[in-house]
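Remarks on the overall topology
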Amino acid sequence: MMTKNEMPVKRIALREWFILSCLLLVLTASLAFTDALNRIDLVFYDHMMQLNSADVRNDILIVAIDDVSLNELGKWPWPRQRHAELLKKINAAAPLAVGLDILFDEEEAPNPDGSPGGDQALAEAIAQGKHVVLPLVSESAGHGLDASLPIPQLAKVAGLGHIHIELDADGVARSVFLREGIRGQWWPHFALALKDSAQQIVPGTEKYLPGERPPTLLRDSNAKSDAWQRDYQMHIPFSGGNGHFQTVPYVSVLRGEVPASFLKNKYILVGPTAVGMADSFPTPVSGNDGLVSGVEINANILASLLDQRSIRFLPPLQVIAYNLLVLMMALAAYHLLSPRKALITTGVLFVGAIAGSFLMMRFAGWWLPTSPVLCALIIAYPIWSWRRLEAAIQYLGEEFTLLEQEPHLLPEFVDEDDNPTPTFTDTLENSINAMRLAANRVRDLRQFVSDSLASLPDATLVTTTDGNVLLSNQVARAYFAGLGIPTVNDALVPYLFAQMSPPQASEQTQTNSFSWWDILDLAHTTSMKQGIEVRDPRQQDVLIKSAPCYNADKILVGWIVSIINITAIRAAERSRDETLHFISHDMRAPQASILALLEMQKDPDTALPTAEFMSRIEKASRITLGLADNFVQLARAESQDYRFEEVDFQNVLIDATEEMWSLARSKQIRIKTVIPDDEFPVRIDRSLVTRVLTNLISNAVKYSPRDTTITCELSIERDLADAVIICSIIDQGYGIPRAEQNKLFQRFQRFKTSDQPKNDGVGLGMVFVKAVMDRHHAKIDFVSAPNEGSTFNLRFPAARV
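Remember, it's a predicted structure, so these values are computed and weren't measured experimentally. (Residues numbered from 1 in each chain as written. Predicted model: local features only at pLDDT ≥ 70, side-chain atom pairs only at ≥ 80, totals over all residues. Heavy atoms only, no water.)

**Some points on the overall build of the protein chain**
Helix and strand counts for the protein chain come out as 25 helices and 27 strands. Within the protein chain, the fraction of its 801 residues that count as buried is 41%. (Helix = DSSP H or I, 4+ residues; strand = E, 2+ residues; numbered from the N terminus. Buried < 20%, exposed > 50% of the residue type's maximum accessible area, 1.4 Å probe, protein only.)

Take a look at the structure:
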């Protein structure tokens, strides 16, 4: 319900979040669709490619025309006769296929003696090998590109494949076209030709040919075009950089230093790797090496074709969807989470986007560009923080203005030294000062309310209008914890009081059936201010009061409920009533008897003999003295003045039995003590515990027939941690009726069986015994049956030696 002082909550933050989200989503989608951040994506691509290395294939071998071979065999070019000799040695080892990555587009000069030149020898070696592939390239023919083939003598006996490497805009080699051609004639790539030759596949009939193809219409319409055409662009999944594949020097193979078994069943690529000679290119896996030779790039292409691996680029729509999904997760975090958690989420999503792209490349062979969403994440959090802060400052400024118009409930103390009047202020400083003042007021008011609630001596609850507890003081929490309700806040008041007994009869309960919801009902405000008296599960008497709370507009906003423990008050009232009854009856009766005897003695006709008169006066006086003594002893037992000392309990028991010896002897009752040969250390108030023992032995003498035995035993029970001293007093008396046993430790209770002689007593002796035992944290229990005697067991914790 909105009051006149309240304003509708402005969803400034939500509006700012929605606008920012739309702008960032449009920006991310545009960047992903236009590939505007391609250079950044290529950097990520190269680093992921370096992490995406594969195990080296043992069936690929590079015969390198390296610096060692040049030093041994002389400067380049070498005679083709030498290449023929190398090829013959390789052919003799039965390789799978041989690729000579050397251009032979010009004829070699014939020998001076007219014998066949090197071209003839090389052609014969190629024909002998059967699975030999030579390279071709495209060259400018003045009117466009044309194919530069090996000389006809070699071209007709060897397989042909182009060795072109596609360079991206940044000059890095990342892809090749597996088929290139002109005027309807197509040549496979050099590595593909090697694979097809070894597997005896006719070029153009391959079952697995990866790569992206140009539009079908363009490819078919230009099938006989004079333009150089390319098909099946494959992004190379580089297995490794320089030195990744097995390599042997050209000169070592030529001299026969490499065993034939090492060359057998291998794809052998012969090509230059020497510095300054090889056609080298920067690649994603170049790293600090700078360039990778063409022959090693061809080895990587061949390995990927044999493993049927390639890198495919995801379609634009899927790239856009992935980038937008990650961004929307970040935007949702900005709206739902705290700034710190939102920042952590942004970092996690940033790393997760990169990790997802890497996993796609590693396990699925798909390249997923993520630079659009990464750039969006970099700028999203700062912009969102700025806009949210701007919205917060705007909203708080409006609220501070309203707050200044409210009356100040507590006095404010301002230290001029700590808060000097500034000469110049800006908007931010004004907002900070207003925030500081408002926060101080709220803290002061909260502290005032908390201290007021905590200082209340009674259990107090502050609830909502529907009975949910908002605040509670420590007294209330401790009280309900004792009732088995550990959580008070947020609980319903009727639930907290459900275990209480119904309230005592009152005008309200007499007219209506009582419900615990009544304490939160305005109709019962008058009666609840006076309170209702109930008894809790611990048998404590409590008084429950409630009062409504109103806001400035006189609208009910909650309730204050108080629980006042009046157990001590009610116990004092019961004790007062018992004491008045005792004074009016038990103490008054002997005194009245003495006065009556004195009146009788004044009249000679009613006067008693002197001996009998003195005996009756003595008996009444002793009864009065005994009553007063019992009251004094009970008062001391219930007081705080105990004098604890460490004693041997057998000495206390002996003192008590000796004190009761004469009383027992008067009834010919024997007192027998059974004390083992041991020590019984206890920490007690000796005089009070001695009085406990004499009370119990005196009761045993009073309530036992003549010529019986009272046994006093001592024993000790030990466990791993503690020991307990047990004193048992066993009589052969009349016993206690079972129906009366639960009243044994109540005030002014006296018991008598039908065949038991009358004994004078007040009924405070066992109350005294129970009070002393409780103060010693000891326990007392008994077993009794009519005409079978009674056994009282006193259990004291043993003193630690």
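**Section: the pairing of strand β19 (residues 541–550)**
As paired elements, strand β18 (residues 532–535) and β19 share four bridges and run antiparallel to each other. Within β19, the position partnered with V534 by the bridge is V542. Following β18, the chain reverses through five residues before pairing antiparallel with β19; Q539 in that reversal takes a positive phi of roughly 60°. Relative to strand β20 (residues 556–565), β19 runs antiparallel, the two being bridged by nine bridges. The residue bridging K545 from the neighbouring strand is S562, located in β20. Counting the residues between successive antiparallel strands, the hairpin from β19 to β20 contains five residues, one of them, K554, with a positive phi of roughly 60°. (Pairing = 2+ DSSP bridges.)

**Brief notes about the packing of aromatic side chains**
All chains considered together, the criterion is met by eleven aromatic pairs. Each ring, one from Y45 and one from F313, has its centre 6.2 Å from the other, and the planes form 45°; the classification is tilted. Of this pair, Y45 sits in helix α2 (residues 38–51) while F313 sits in strand β14 (residues 312–313); the two residues are 268 residues apart in sequence, bridging distant segments of the chain. Look at F313 and you get partly exposed, because its relative accessible area is 29%. Members of the aromatic cluster, connected to one another through ring pairs, are Y479, F480, F497 and W516. Across from the ring centre of F768, 5.9 Å away, lies the NZ or CZ of R691, which sits over that ring. (Phe/Tyr/Trp six-rings, centres within 6.5 Å; stacked < 30°, edge-to-face > 60°. Lys NZ or Arg CZ within 6 Å of the ring centre and 35° of its normal.)

**Some details on the sheet that holds β20**
Read across the sheet, five strands follow the order β17-β16-β20-β19-β18 without closing on themselves; strand pairing throughout is antiparallel. Unpaired on one side and paired on the other, β17 (469–472) and β18 mark the two borders of the sheet. With strand direction ignored, the average angle separating the axes of adjacent strands in the sheet is 30°. (Axes fitted to C-alpha atoms, helices over the stretch in contact; angles between N-to-C directions.)

**So, unusual backbone geometry**
Looking along the chain, the bond that leaves W76 and enters P77 is cis, with omega of 5°. Positive phi, close to 55°, is recorded for H777, a residue that is not glycine. Take H777: it is sitting in the loop between α25 (765–775) and β26 (779–785).

**Points about a nonpolar patch on the surface**
Nonpolar side chains collect at one region of the surface, where L445, F448, V449, L470 and L471 lie side by side and expose about 430 Å² of accessible area between them. Those elements giving two or more residues to the nonpolar patch turn out to be α15 (427–455) and β17. Overall, L470 belongs to the partly exposed group, its relative accessible area being 48%. (Patch = residues over 30% accessible without salt bridge, like charges linked within 9 Å, V, L, I, M, F, W, Y side chains within 5 Å. Areas by Shrake-Rupley, 256 points an atom, 1.4 Å probe, with all protein chains shown as cover. Salt bridge = Lys/Arg side-chain N within 4 Å of Asp/Glu carboxyl O.)

**Some remarks on the sheet that holds strand β22 (residues 670–674)**
Sheet strands pair via backbone hydrogen bonds, and the direction of the pair is either parallel or antiparallel. Read across the open sheet, the five strands follow the order β22-β24-β25-β27-β26; overall the sheet is mixed. Bordering the open sheet on either side are β22 and β26, each of which pairs with just one other strand. Ignoring strand direction, the axes of neighbouring strands in this sheet form an average angle of 15°. Packing against the sheet, helix α22 (residues 649–659) makes contact with β22, β24 (709–718), β25 (723–730) and β27 (789–797), and its axis sits at approximately 170° to β24. (Contact = heavy atoms within 4.5 Å.)

**What to know about the pattern of salt bridges**
Counted by the stated rule, this structure contains 18 salt bridges. With a shortest N-O distance of 2.8 Å, D655 and R686 are connected by a salt bridge. In this pair, D655 is assigned in helix α22 and R686 in helix α24 (residues 686–702), connecting sequence segments 31 residues apart. For R670, the salt bridge goes to D707, with nearest N and O atoms at 2.9 Å. Placement of the pair is R670 in strand β22 and D707 in the loop between α24 and β24, with a sequence separation of 37 residues. Sharing partners across several salt bridges, the network here consists of D46, D168, D170 and R174.

**A closer look at the packing of helix α12 (residues 316–336) against helix α13 (residues 339–364)**
Where α12 meets α13, the axes come as close as 9 Å, and the angle between the chain directions of the two elements is 165°. As far as their axial angle goes, α13 and α12 are roughly antiparallel. In the packing of α12 onto α13, the handedness of the crossing is right-handed. Residues Y322, V326, M329, A330, A333 and Y334 of α12 touch α13, and the partners they reach there are A342, T345, T346, L349, G352, A353, G356 and S357. (Parallel < 35°, antiparallel > 145°, perpendicular 65-115°, else oblique. Left-handed = near helix turned anticlockwise from the far one by under 90°.)

**A word on the packing of α24 against α25**
At a minimum axis separation of 10 Å, α24 and α25 run at an interaxial angle of 145°. Considering the relative orientation of α24 and α25, their crossing is left-handed. Taken together, the residues of α25 that come into contact with α24 (itself represented by L688, V689, R691, V692, N695, L696 and N699) are G765, M766, F768, V769 and V772. Here the residues of the contact of α24 with α25 sort into eight nonpolar, three polar and one charged. (Nonpolar A, V, L, I, M, F, W, Y, C, P; charged D, E, K, R; others polar.)

**So, helix α7 (residues 190–199)**
Side chains of residues three or four places apart in an α-helix project in the same direction, reflecting 3.6 residues per turn. Across the ten residues of α7, eight count as buried, placing the element largely inside the fold. Those residues of α7 not exposed but buried are F190, A191, L192, A193, L194, K195, D196 and S197. Phi turns positive one or two residues past the end of α7, at Q200, with a value near 55°.

**Considerations on the confidence of the model for the protein chain**
On average, the protein chain scores 83 in pLDDT, and the residues at 70 or more come to 85%. Across residues 217–221 the pLDDT falls below 50, and counting only partners more than four positions away or on other chains, this stretch makes three contacts in the model. Confidence over residues 507–511 falls short of pLDDT 50; this stretch has eight contacts with residues more than four positions distant or in other chains. (pLDDT = per-residue confidence, 0-100.)

**Digging into the side chain of H164**
Mapped onto the fold, H164 is located in the loop between β5 (159–162) and β6 (166–167). Given a relative accessible area of 17%, H164 falls into the buried group. A polar atom in the side chain of H164 sits 2.8 Å from the backbone nitrogen of S138. A polar side-chain atom of H164 sits 2.5 Å from a polar atom in the side chain of E180. (Polar contact = N/O pair within 3.5 Å; in protein donor to acceptor, adjacent residues only side chain to side chain.)

**What to know about the pairing of strand β8 (residues 185–188)**
With four bridges joining them, strand β7 (residues 173–182) and β8 adopt antiparallel strand pairing. The residue of β8 that forms the bridge with R179 is P188. Taking the residues between adjacent antiparallel strands as the criterion, β7 and β8 are bridged by two residues, where R183 takes a positive phi near 50°.

**A word on helix α5 (residues 118–129)**
Over its twelve residues, α5 runs 16 Å from end to end, which matches the ideal 16 Å to within 8%, given 1.5 Å per residue. Residues of α5 that are buried: G118, D119, A121, L122, A123, A125, I126 and G129. Contacts made by the buried residues of α5 are with α4 (80–92), β2 (97–100), β3 (132–140) and α6 (152–155). Remark: K130 follows α5 within two positions and exhibits a positive phi of approximately 70°. (Expected span 1.5 Å × (residues − 1).)

**Topic: the environment of P676**
With respect to the helices and strands, the residue P676 is situated in the loop between β22 and β23 (681–684). A relative accessible area of 38% places P676 in the partly exposed class.

**Concerning the side chain of Q650**
Inspection of the secondary structure puts Q650 in helix α22. Here the side chain of Q650 touches D648 through a polar contact of 2.9 Å, side chain to side chain. A polar contact of 3.5 Å, which involves the side chain of Q650, links it to the backbone oxygen of D678. Setting aside chain neighbours within four positions, we find Q650 in contact with I675, D678, F680 and L714.

**A few points about the environment of G241**
Secondary-structure assignment places G241 in the loop between β9 (229–235) and β10 (246–249). Taking the C-alpha atoms as reference, G241 lies 9.9 Å from G290; in sequence the two are 49 residues apart. If we ignore the near neighbours within four places in the chain, the residues touching G241 are V285 and E296.

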